Amino acid sequence: QVQLVESGGGLVQAGGSLRLSCAASGSIYGIYAMGWYRQAPGKQRELVARITDSGRTNYTDSAKGRFTISRDNAKNTVHLQMNSLKPEDTAVYYCYAVAIATVTDPVDDYWGQGTQVTVSS
């Protein structure tokens, strides 16, 4: 099984920056993509950014131009650099991975426990 652990969340003023990190560990045969979802109170969880093992990236419209996702494949780690933060970015941010745990397993989705990001106005 793949385990994901996030770090880097916290409290920041509007216009500030945070860098989230997520490290994958455990049984890992291969990781095809990693990324970040977020969920604010009373709202559905939404995709923020995604990166494949080939480096292809996708961002939600609200993150484009402000957030940058990157990945260190050798370390099975993904980062999310968040600049020009706004109060509406406040949410719990969850790391996810699309991966195969062992050679006999199918592709599956794995989730971290989440890290709180709070942006004050």
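Notes on the structure follow. Model, not experiment: these values are computed from the prediction. (Residues numbered from 1 in each chain as written. Predicted model: local features only at pLDDT ≥ 70, side-chain atom pairs only at ≥ 80, totals over all residues. Heavy atoms only, no water.)

### Comments concerning the packing of aromatic side chains
- Across all of its chains, the model carries three aromatic pairs by this definition.
- For the ring pair Y37 and Y96, a centre distance of 5.1 Å and an interplane angle of 80 degrees mean the geometry is edge-to-face. Placement of Y37 in strand β4 (residues 30-39) and of Y96 in strand β9 (residues 91-100) is noted, with a sequence separation of 59 residues between them.
- On the basis of relative accessibility, which here comes to 5%, the residue Y96 falls in the buried class.
- Look at Y96 and W111: their rings are 5.8 Å apart centre to centre, the planes differ by 35 degrees, and that puts the pair in the tilted class. (Phe/Tyr/Trp six-rings, centres within 6.5 Å; stacked < 30°, edge-to-face > 60°. Helix = DSSP H or I, 4+ residues; strand = E, 2+ residues; numbered from the N terminus. Buried < 20%, exposed > 50% of the residue type's maximum accessible area, 1.4 Å probe, protein only.)

### Quick word on the side chain of R71
- Within the element layout of this structure, R71 appears in strand β7 (residues 67-72).
- The side chain of R71 is buried and forms no salt bridge, while D53, the nearest opposite charge, is found at 5.2 Å.
- A distance of 3.1 Å separates a polar atom in the side chain of R71 from the backbone oxygen of I31.
- R71 has contacts with I31, Y32, A33, M34, I51, T52, D53, T77 and V78, leaving out every residue within four places of it along the chain. (Lys, Arg positive; Asp, Glu negative; His and termini not counted. Salt bridge = Lys/Arg side-chain N within 4 Å of Asp/Glu carboxyl O. Polar contact = N/O pair within 3.5 Å; in protein donor to acceptor, adjacent residues only side chain to side chain. Contact = heavy atoms within 4.5 Å.)

### A closer look at the state of the cysteines
- If you walk through the whole model with that rule in mind, you get one disulfide.
- Linked covalently through their sulfurs, C22 and C95 form a disulfide whose S-S length is 2.0 Å. Disulfide C22 to C95: torsion about the S-S bond roughly -85 degrees, handedness left-handed. Placement of the pair is C22 in strand β3 (residues 18-26) and C95 in strand β9, with a sequence separation of 73 residues.
- On the basis of relative accessible area, C22 is assigned to the buried category, the value being 1%. (Disulfide = S-S within 2.5 Å.)

### Section: the environment of G8
- Relative to the assigned elements, G8 resides in the loop between β1 (2-7) and β2 (10-13).
- Separated by 10 residues in the primary sequence, G8 and L18 place their C-alpha atoms 6.9 Å from one another.
- When residues no more than four places from it in sequence are discounted, the contact partners of G8 are L18, R19 and L20.

### Brief notes about the sheet that holds strand β8 (residues 77-82)
- Strand order in this open sheet of four strands is β1-β3-β8-β7, and the pairing throughout is antiparallel. Two strands bound the open sheet, and with one partner strand each, they are β1 and β7. Put simply, the sheet's adjacent strands are angled 15 degrees from each other on average, direction ignored.
- Where β1 meets β3, six bridges bridge the pair, whose relative direction is antiparallel. (Pairing = 2+ DSSP bridges. Axes fitted to C-alpha atoms, helices over the stretch in contact; angles between N-to-C directions.)

### Things to note about the pairing of β3
- Taken together, the six bridges between β3 and β8 define a ladder with antiparallel strand orientation. Its bridge partner being in β8, L18 is matched across the sheet by M82.

### Digging into the pattern of salt bridges
- Applying the stated rule across the entire model yields four salt bridges.
- Here R38 makes a salt bridge to D89, at a shortest N to O gap of 3.1 Å. Taken together, the residues span a long stretch of sequence, with R38 in strand β4 and D89 in the loop between β8 and β9 at a distance of 51 residues.
- Overall, the relative accessible area of 1% leaves D89 in the buried class.
- Here D89 and R66 are joined by a salt bridge, their closest N and O atoms 2.8 Å apart.

So far we have only geometry, and geometry alone does not tell us how the molecule works.
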